[in-house]
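# Architecture and fold: a report
Here is how the chains run, residue by residue.
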Amino acid sequence: MAKAKDGLARFYALSDGIFAVIITVMVLAFKPPSGHNLQALLGLWPDLISYAVSYAFIAVVWLNHHATLRHAQYLTGTLALANFANLFAISFIPFTTAWLAESELATFPLTLYASVFFLVQATYMVLMRESYSHRPDGMDPRSRRRHWYRAWIMLAVFFVAALVAVIPPFLRLGLLASFLILYCRPDPFEKTDLDSPA
């Protein structure tokens, strides 16, 4: 059991390190304005908006990633693959954020940006399934159903934001930002300790 816990601890540490690198890369890509007045700063509105949405998304993903993995009791191949797939999808956020900002919310970059959100959510749901299977009785059944309803709702929202290009850009971005409504609290229906991953 101690070896299983040690393996999970290293797994958590690696995941947290990757999250930190992704955020760092995104911050480094955020360039200051060329001018030295308010107008120059306001000219960076695409950068500011896309950066704010992306940073909030990564922060919320980390919170929920942490809350989901606390159900895992040991490291399995499925858990590892699902986690790396989730982190792989998240690693595209800095690139798509920079492209979206540079294009001033053009249609195709926004489609790609939304598609990354969709992939992050889809791989996160695989991670949820594997983590929850380790503790079938570790959560109230009604609470677990609500977690799954929430996950499917967000997957559908991200799908619409990615594929329905006729929606105005700011509305599509608003759909992507709607994750803050449902996901800002990892466990909105129960009290949990985020400092206890297992």
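It should be noted that the structure appears before, not after, this text.
Residues numbered from 1 in each chain as written. Predicted model: local features only at pLDDT ≥ 70, side-chain atom pairs only at ≥ 80, totals over all residues. Heavy atoms only, no water.

## Quick look at the environment of Tyr 12
The cut-off we apply is this: In DSSP terms, a helix is any run of H or I states spanning at least four residues, a strand is any run of E spanning at least two, and both are numbered starting from the N terminus.
Considering the arrangement of structural elements, one finds Tyr 12 in helix α1 (residues 2–28). Each C-alpha atom of the pair Tyr 12 and His 65 lies 9.8 Å from the other, and the pair is 53 residues apart in sequence.

## Section: the nonpolar core
Threshold: Among the buried residues, those of types Ala, Val, Leu, Ile, Met, Phe, Trp, Tyr and Cys that are joined through side-chain atoms within 4.5 Å form a nonpolar core. Relative accessibility under 20% of the residue-type maximum defines a buried residue, over 50% an exposed one, and the middle range a partly exposed one, all with a 1.4 Å probe and only protein chains included.
Counting residues in hydrophobic clusters, the biggest one holds 37 residues, and the most contacted among them are Phe 57, Ile 90, Tyr 113, Phe 117, Leu 173, Leu 176 and Phe 179. Contributions of two or more residues to this core are made by α1, α3 (45–69), α4 (77–90), α5 (93–102), α6 (107–134), α7 (141–163), α8 (169–177) and α9 (179–183). Looking at this core element by element, the count peaks at 10 residues for α6. Within the second largest apolar cluster, nine residues are counted, among which are Leu 69, Ala 72, Ala 82 and Leu 127.

## A closer look at the packing of aromatic side chains
Selection criterion: Within 6.5 Å between ring centres, the rings of Phe, Tyr and Trp (the latter by its six-membered ring) count as paired, and their orientation is classed by plane angle as stacked under 30 degrees, edge-to-face over 60, tilted in between.
Under the definition given, this model contains 14 aromatic pairs. Aromatic pair Phe 57 and Phe 117: ring centres 3.9 Å apart, planes at 15 degrees, arrangement stacked. Note that Phe 57 is positioned in helix α3 and Phe 117 in helix α6, a separation of 60 residues in sequence. Under the relative-accessibility criterion, Phe 57 is labelled buried at 3%. Among the aromatic residues, ring-to-ring pairing joins Phe 57, Tyr 113, Phe 117, Phe 158 and Phe 179 into one connected group.

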